[in-house]
Amino acid sequence: MDTQATREIMWAIPQSFKIIMYALFALSTAAMIKGLYDKYQFAVQDRGFKSLLPEKLNWSNFLKTIFLQGKVTRHFKIGVIHALIFYGFMILWVATDLVAIHYDTPFKVFQGPVYITISFLADMAGLMILVGIGLAFKRRYIDKPDYLSATKPKQEMFMYIMLTLLVVLGYVIEGFRISGTGMPIGEKSWAPVGWFIATIVNGMNLSEQTMAFTYRGMWFFHMANTMAFIVAIGHSKFSHIMILPVAALLTPFRRGGVLEPMDFENEEAETFGLGKLSELTTKNRLDMLSCVECGRCTQACPALASDKPLDPKKIITKIRDFAQETEGDAELWGEKAIYSFTELDSCTTCGACMEECPANIEHVNIIMEAKRYKTLTLGEIPPAAADAANKIRVNGNPWGISQDDRFKWADGMDVPVADEQKEIDYLYYVGCAGSYDAANQKVLKDTIMLLQKANVDFAVIGKGEKCNGDPIRRFGDEYTFFEVAIENISMLNQYKFKKIVTHCPHCLHTIGKEYGKFEDGQFEVVHHTELLAALIKDGKLKTEKSLDQKLTFHDPCYLGRHHGEYNAPREILKAIPGLEINEMEKSKDTATCCGMGGGNMWYELDEGQHLALNRLEEIGETNSPSLATACSYCLINFNSSKGQNNKTEELEIDDVASILAKSVL
């Protein structure tokens, strides 16, 4: 490799152009910083920088976003398009920095092997960007998928044109420089695109004066375009280059479904929930700036796929556009409210939108804050939801069954009941479905027999157990949830235990994450599949009976996307001899919601179709005679809905614990 290889930086460029370049660079950098600062001010308002900071910074997500494109690659074809532009841009950025270091400092780094390598990579990077832009243009402006609809549909065109100009002019200038410096033979190898253009320039037989004038004119325009690009980073959609890594850093994993308690003791509060712009959190505002309208959330939303009036992207863009176009602390629920009631009630809080979002936007939080306002301030709640909430208040469960019947499921069984004076390893929080629904009672009994088989030190609460409040919090009835949560926290703290084990993922989430926001509400909570998987691993449960059975597994949203547990149920099933698992195409973090989350278990909207139908279609495509799940709601929903699909009419549905019991007991 030629150790002397290099080129003259700023070849044939007059001193006046250089002075203008540095002046414009200073001005454009200042303009970019001003634009980014305005966005920062939009996010933090008068709350200060600390309002942006979570309890723990998400460094791994930050580094993945900067170097590995974050979640963009979850869709392979789109990941390739973005990678061509992203990595091509990164290479050109590094090349430009090395040129600046070589020219403006004593460190002559742009020579020898470094020059040869970077020169070649920069030529290839330009081609990568042009190919990526071409594919992106085709997708957005020719194919025009619905999910890419945007409130400002021409903003991407501006980005494509600017980047294309930067690359094409860079190539042409390189070609003129190679031609004007006598066609150095090495450039043919490490600047092949520039060399090709140089041969075209040579064939034009331009006079020396014409060539110099043309070259300098293009150089100046290219320089000005570069400075305009720097400005655009702070004032256009290019700002996502800066904002998205920051959003990744400031968004902890699996926080999006956790709500903060309301201050009901604030005597000055006139309303509760998200009713006006000032009630948006700093993270809400950052989310509004982060949205690039890529439509990933739109594609993932099970409600929209079932023709419900909800598009998670529009939840963000409508309030963003409203905030940017409105002066002062505007009301969201004026004569023309930005959200409809059914739009909000359609959300199952499954978290698919947040899981897919490459900008780490927490859509569910904005939806739930708006539902809080709708319910608490406007008094708008589906009648069936209001009925369920009232039954929880009166009877301690959303079915309205007598509290005296809460422990009837244990009749004839030797089930240990928690004693305030005795410490235990696990307090088993049974939940309402486990207490009152026949199918879930079977799962509960199977789980208890497995725990007893493994000699686990556990106990249940018995008659004193009540609903944890998950449904009413999803309805937006925060005041009732507050009362329920405080009562339950006090009750749980009467007992001495190391961990709580829950039957339902919704109990897992509410007690394990949301109670922790209240005083004395910090409990370590595990799902029953996590405990059972650990018992198998430790040899305390032995899967001795072979099950000649084929099944597919449905991932519950609150166990998977909200809690991060995908392996435990599968580890249990894989430990059972003779069992064959046929995974659905959409599984683990891409699994389709059954439709019962977000309070939808207790009310049904007229719009669209039942959400379970799409998932049943996916289940049917596996041709599996059996379905395993690990959620009370999923079990109830699929059992009641399976007859609506001819491929699943005879589907046998069981909880993972019940399937394990067949092999162990």
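Just so it is clear, the structure is predicted and the values come from calculations on it, not from any experiment.

Draft legend 1. How the structure looks around the overall build of the chain. Along its length, the chain carries 27 helices and eight strands. The burial tally for the chain puts 54% of its 665 residues in the buried class. Sequence-distant contacts in the chain: of pairs separated by 6 or more residues, those separated by 24 or more amount to 80%. As displayed, the chain offers around 29,600 Å² of accessible surface, 56% of which is attributable to carbon and sulfur atoms.

Draft legend 2. How the structure looks around the sheet that holds strand β8 (residues 652–655). Spatial strand order, β6-β5-β7-β8: four strands in an open sheet with parallel pairing. Either end of the sheet is taken by a strand with one partner, and the two such strands are β6 (579–581) and β8. Strand-to-strand twist of the sheet, defined as the mean angle between neighbouring strand axes without regard to direction, takes the value 35°. Strand direction decides the pairing type here: strand β5 (residues 549–553) and β6, joined by three bridges, are parallel. Within β6, the position partnered with L551 by the bridge is I581.

Draft legend 3. Molecular detail of the pattern of salt bridges. Tallied over the full model, the rule gives 37 salt bridges. One network of salt bridges, with partners in common, ties together E369, R372, D470, R473, R474, E478 and E514.

Draft legend 4. Structural detail: unusual backbone geometry. Positive phi is not limited to glycine here, since A12 has a value of about 60°. Along the chain, A12 turns up in the segment before α1 (15–44). Despite not being glycine, K588 has its phi angle at roughly 55°, a positive value.

Draft legend 5. The packing of helix α9 (residues 240–250) against helix α10 (residues 282–290), seen in detail. Relative to each other, α9 and α10 sit at 145°, their axes nearing to 10 Å. Along this stretch, α9 crosses α10, giving a crossing that reads as left-handed. Contacts from I243, L244, A247 and L250 of α9 reach α10 at K283, L286, L289 and S290.

Draft legend 6. Geometry of the pairing of β8. Inspection of the sheet shows strand β7 (residues 626–629) paired to β8 by four bridges, in the parallel sense. Across the sheet, residue A628 finds its bridge partner in β8, namely D654. Since β7 and β8 lie parallel, the crossover through helix α26 (residues 632–641) that links them has a hand, and here it is right-handed.

Draft legend 7. Spatial organisation of helix α3 (residues 76–104). Taking 1.5 Å of rise per residue, 29 residues should cover 42 Å, and α3 covers 41 Å from first to last C-alpha, within 8% of that figure. The sharpest bend along α3 comes to roughly 25°, located at A83. Where the residues of α3 are buried, they touch α2 (59–68), α4 (112–143), α5 (155–180) and α11 (296–300).

Draft legend 8. Quick look at the environment of N440. Within the element layout of this structure, N440 appears in helix α19 (residues 438–453). Between the C-alpha atom of N440 and that of C504, which follows or precedes it by 64 residues, the distance is 9.5 Å. Ignoring anything within four residues of it in the chain, the contact list for N440 reads A433, G434, H503, S632, L635 and I636. Here the side chain of N440 touches H503 through a polar contact of 3.1 Å, side chain to side chain.

Draft legend 9. A look at the sheet that holds strand β4 (residues 525–527). The four strands are arranged β2-β1-β3-β4 in an open sheet whose pairing can be described as parallel. Of all the strands in the sheet, the pair left with one neighbour each is β2 (458–460) and β4. Each strand axis lies, on average, 35° off the axis of its neighbour in the sheet, ignoring direction. Across the sheet, helix α22 (residues 505–514) lies against β1 (423–429), β3 (496–502) and β4, angled at about 170° from β4, the strand it touches most. With respect to the sheet, helix α23 (residues 528–537) is in contact with β1, β3 and β4, its orientation differing from that of β4 by roughly 75°.

Draft legend 10. Summary view of the side chain of H528. Position of H528 among the secondary structure elements: in helix α23. In terms of polar contacts, H528 uses its side chain to reach the side chain of D655, at 2.9 Å. Each residue touching H528, except ones within four places of it in the same chain, is listed here: V443, T447, V501, T502, H503, A630, D655 and A657.

What counts and what doesn't
- Residues numbered from 1 in each chain as written.
- Predicted model: local features only at pLDDT ≥ 70, side-chain atom pairs only at ≥ 80, totals over all residues.
- Heavy atoms only, no water.
- Helix = DSSP H or I, 4+ residues; strand = E, 2+ residues; numbered from the N terminus.
- Buried < 20%, exposed > 50% of the residue type's maximum accessible area, 1.4 Å probe, protein only.
- Contact = heavy atoms within 4.5 Å.
- Areas by Shrake-Rupley, 256 points an atom, 1.4 Å probe, with all protein chains shown as cover.
- Pairing = 2+ DSSP bridges.
- Axes fitted to C-alpha atoms, helices over the stretch in contact; angles between N-to-C directions.
- Salt bridge = Lys/Arg side-chain N within 4 Å of Asp/Glu carboxyl O.
- Left-handed = near helix turned anticlockwise from the far one by under 90°.
- Right-handed = clockwise from strand over helix to strand, strands pointing away.
- Expected span 1.5 Å × (residues − 1).
- Bend = angle between axes of the 7 residues up to and from the residue.
- Polar contact = N/O pair within 3.5 Å; in protein donor to acceptor, adjacent residues only side chain to side chain.

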